[in-house]
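Residue strings, one per chain:
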Amino acid sequence: MLTIRLDGSVEPRPPVRLKDVKGRLFRAYPGDVVFSKIDVRNGAVGLAPVGVKPICVTSEFPVYAVKECVAVPEYVQLLFRTATFRRILNSMISGASGRKRIQPTQLEKVRVPIPSTPVQRHIASLWLDANRQLAAAEADFVELVAELDGYLRERTRDFESSTQARTFVARFKDTRQWDLKGGRAAAFIAANTDFVRLGDCSEECTHPVRPWKKPDKSWPVYGVNNRDGVFLSATKEGKHFKAPYKRIEKNWFFHNPTRANVGSLGIVDDVPHDAITSPEYEVWRLTGGFLTGFMALLLWTDYFLALVSINRVGAVKQRMYYRNLAEIRLPNVPMSMQQSFADRRARMLREINTSRRMVSERTTEVEEMIIGSRSPELH
């Protein structure tokens, strides 16, 4: 089965047994164009990946084999994603609100520009080259995170046994709560008595803001997820707020208490002076011991997420409040090592941002070439 993301990437899901699937399935082959009836207007259209087979989709994901004597698959994918084509798609939607679909028969009737195949390949190559550069920059960042993860594991005693093993030993008097997570956290601390308590190097930031007191002012509201970290989520007028929000500042951190274990944590970058976030999020800042750039990188490691998992509280819906985060223990990392990781992180983020700007510029150029307002320069 496939997952089609709004950025056009297509990834395989874990395999499923046919008897567990309701409804009909349809085969897709590498290079086929696959789209979501519901989200194609938002960019959920891509190419079935090479090297993954057999691939199946449900009836919600129409599949088209491209006639390569007429069109290049990568060009067709770009065509679907242009703003012009999306406007056409949005004029076609039907169905109940929130589940509006675009039917294949509607899509097939749309007239589109199909230049010669050399021009199509040239247009597609411009976009693909920019995206390869971005992918390479992002891969370098992933490698840096993995390097830090390995470094932290080497400095930790009994990491695997205390965080993941089926059996471990913990003393009752050392546990903050008598459950599996509390036992693991106690075993981890007992094995690493010289580690630093994160709460001794940080403090919670609870600065309430009451936006409704300025009803006509537009407030920048920030969110956090495990893909982008901290990001601008919305801009809302003060009159639409019903509860106090929390003020955030550059180099502070905040996380989603219900999704921290899957990476919804991040550092606040450059934000306006009136930036705020949801009262549901936990906001905190460092007071010493760790550099902000180093901590921002550390939050992305599987090492840290494992510690988040064993320090959460609750049963069905587990949460990571600041008071739980404060109990996490971390190795003493020399400042010179922290600075090295922080500097490399900053350099890689600059490269990623430069690559993203290039992708954005190329996307604009490619769209202009597709709709004919810019002439492609073949060499």
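Below is a summary of the structure that appears in this document. (Residues numbered from 1 in each chain as written. Predicted model: local features only at pLDDT ≥ 70, side-chain atom pairs only at ≥ 80, totals over all residues. Heavy atoms only, no water.)

### Side note on the pairing of strand E17 (residues 282–286)
Burial analysis of E17 places 4 of its 5 residues in the buried class, which makes it a mostly covered element. When strand E9 (residues 202–204) meets E17, the two strands line up antiparallel, connected through 3 bridges. Along E17, the bridge assignment pairs glutamate 203 with arginine 285. (Buried < 20%, exposed > 50% of the residue type's maximum accessible area, 1.4 Å probe, protein only. Helix = DSSP H or I, 4+ residues; strand = E, 2+ residues; numbered from the N terminus. Pairing = 2+ DSSP bridges.)

### Quick word on unusual backbone geometry
With a phi angle near 55 degrees, aspartate 158 is a residue other than glycine that sits in the positive phi range. With respect to the helices and strands, the residue aspartate 158 is situated in the loop between helix H4 (117–154) and helix H5 (159–163). Aspartate 158 sits in the partly exposed class, given a relative accessible area of 49%. A positive phi is found at asparagine 251, a non-glycine position, where the angle reads about 75 degrees. Position of asparagine 251 relative to the elements: it lies in the loop between strand E13 (245–247) and strand E14 (253–255).

### Considerations on the sheet that holds strand E10 (residues 208–209)
The strand order across the open sheet built from 5 strands is E10-E13-E16-E11-E12, with neighbouring strands paired in mixed fashion. Two strands lie at the open edges of the sheet, namely E10 and strand E12 (229–237), each paired on one side alone.

### Re the nonpolar core
With 47 residues, the main nonpolar core has Met295, Phe304 and Leu330 as its most contacted residues. Residue assignment for this core shows that the elements contributing at least two residues are H4, helix H6 (180–191), strand E15 (265–267), E17, helix H7 (292–298), helix H8 (302–311), helix H9 (322–325) and helix H10 (335–371). With residues near it in sequence (within four places) discarded, phenylalanine 304 still touches Leu198, Leu265, Leu298, Leu299, Leu325, Ile328 and Leu330. In terms of nonpolar packing, the next biggest core, distinct from the first, is built from 15 residues, Leu47, Phe85, Ile102 and Val110 among them. (Core = buried A, V, L, I, M, F, W, Y, C linked by side-chain atoms within 4.5 Å. Contact = heavy atoms within 4.5 Å.)

### Quick look at the sheet that holds strand E4 (residues 33–35)
Spatially, the 3 strands line up as an open sheet ordered E5-E4-E7, and their pairing is antiparallel. In this open sheet, the two strands that pair with only one neighbour each are strand E5 (45–47) and strand E7 (63–64). Contacts from helix H1 (residues 73–81) reach E4 and E5, with the element oriented near 170 degrees to E5. (Axes fitted to C-alpha atoms, helices over the stretch in contact; angles between N-to-C directions.)

### A word on the pattern of salt bridges
Side chains that differ in charge, positive against negative, can pair when their charged atoms come close. Under the counting rule described, the total for this entry stands at 15 salt bridges. In this structure, aspartate 149 and arginine 153 form a salt bridge, with 2.5 Å as the shortest nitrogen-oxygen distance. Within this pair, aspartate 149 and its partner arginine 153 are both found in helix H4, separated by 4 residues, close to a single helical turn. Residue aspartate 149 is classed as buried on the basis of its relative accessible area, which comes to 10%. In this structure, glutamate 365 engages arginine 362 in a salt bridge whose closest nitrogen and oxygen atoms are separated by 3.6 Å. Linking glutamate 365 with arginine 362, this pair stays in helix H10, spanning 3 residues, or about one helical turn. On the basis of relative accessibility, which here comes to 24%, the residue glutamate 365 falls in the partly exposed class. (Salt bridge = Lys/Arg side-chain N within 4 Å of Asp/Glu carboxyl O.)

### Overview of the packing of aromatic side chains
Note on aromatic pairs: each is described by the distance of the centres and the angle between the planes. What the rule picks out here adds up to 13 aromatic pairs. Considering the side-chain rings of phenylalanine 141 and tryptophan 300, the 6.3 Å spacing of their centres and the 90 degrees angle between planes classify their relative orientation as edge-to-face. With a gap of 159 residues between them, phenylalanine 141 in helix H4 and tryptophan 300 in the loop between H7 and H8 connect regions that are remote in the sequence. Tryptophan 300 sits in the partly exposed class, given a relative accessible area of 33%. (Phe/Tyr/Trp six-rings, centres within 6.5 Å; stacked < 30°, edge-to-face > 60°.)

### Looking at the state of the cysteines
In total, this model carries 0 disulfides according to the counting rule given. Free cysteine cysteine 205: the closest other cysteine sulfur is in cysteine 201, separated by 14 Å. What makes cysteine 205 buried here is its relative accessible area of 1%. (Disulfide = S-S within 2.5 Å.)

### Observations concerning the side chain of serine 278
Within the secondary structure layout, serine 278 lies in the loop between strand E16 (276–277) and E17. Reaching out from serine 278, the side chain makes a polar contact with the backbone nitrogen of glutamate 280 at a distance of 3.0 Å. Here serine 278 is in contact with Tyr222, Tyr245 and Lys246, once residues within four sequence places are set aside. (Polar contact = N/O pair within 3.5 Å; in protein donor to acceptor, adjacent residues only side chain to side chain.)

### Quick notes on the side chain of aspartate 149
Here arginine 153 takes part through its side chain, which lies 2.5 Å from a polar atom of the side chain of aspartate 149. Setting aside residues up to four positions removed in sequence, aspartate 149 forms contacts with Thr301, Asp302 and Tyr303.

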